[in-house]
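Summary of structural features
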Amino acid sequence: MTQKGITITETIETDRIDVACDGGNGPLGHPRVWLHIRPETRDIVCPYCSRQYVLKQGVEATAATTQH
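Notes on the structure follow. (Residues numbered from 1 in each chain as written. Predicted model: local features only at pLDDT ≥ 70, side-chain atom pairs only at ≥ 80, totals over all residues. Heavy atoms only, no water.)

**Focus on the state of the cysteines**
Such a bond, covalent and formed between the sulfur atoms of two cysteines, is termed a disulfide. For clarity, the threshold we go by: Counting rule for disulfides: a pair of cysteine sulfur atoms within 2.5 Å.
Taken as a whole and assessed by the stated rule, the structure comprises zero disulfides. Here Cys46 stays unpaired: no disulfide links it, and the sulfur of Cys49, its closest cysteine neighbor, is 3.7 Å away. Cys21 provides the cysteine sulfur closest to Cys49, a residue in no disulfide bond, and the two sulfurs are 3.6 Å apart.

**Regarding the environment of Ala20**
Using the following cut-off: Only DSSP runs of H or I reaching four residues or more are called helices, and only runs of E reaching two or more are called strands; each is numbered from the N terminus. Burial classification: accessible surface area is computed with a 1.4 Å probe over protein chains only, and a residue below 20% of its type maximum counts as buried, one above 50% as exposed, and the rest as partly exposed.
Inspection of the secondary structure puts Ala20 in strand 4 (residues 18-21). On the accessibility criterion, Ala20 (28% relative accessible area) is partly exposed. A C-alpha to C-alpha distance of 9.4 Å links Ala20 and Cys46, two positions 26 residues apart in sequence.

**Observations regarding the pattern of salt bridges**
Let me state the cut-off plainly: Salt bridge, as used here, is a side-chain nitrogen of Lys or Arg placed within 4 Å of a carboxyl oxygen of Asp or Glu.
Considering all chains together, one arrives at four salt bridges under this definition. Note that Arg51 is salt-bridged to Glu10, the shortest N-O span being 2.9 Å. Of this pair, Arg51 sits in strand 7 (residues 51-55) while Glu10 sits in strand 3 (residues 10-14), and the two are 41 residues apart along the sequence. Looking at Arg51, the relative accessible area reads 16%, which means it is buried. In this structure, Asp22 engages Arg32 in a salt bridge whose closest nitrogen and oxygen atoms are separated by 3.8 Å.

This is the structure we're talking about:
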């Protein structure tokens, strides 16, 4: 699957609009980055590892769904 020329490596469903991504795989991952899912798109792609985070069906994209 591609999005705007990016090859998506994995799609992860979440119920949070702010998600942390470290690439997984422990020390073989990447620096932890915080990503913000915009209400208009309901998804975000990590710029390091191309994981796509998608809001689960039925979850509203509001400030109440943040992790931190």
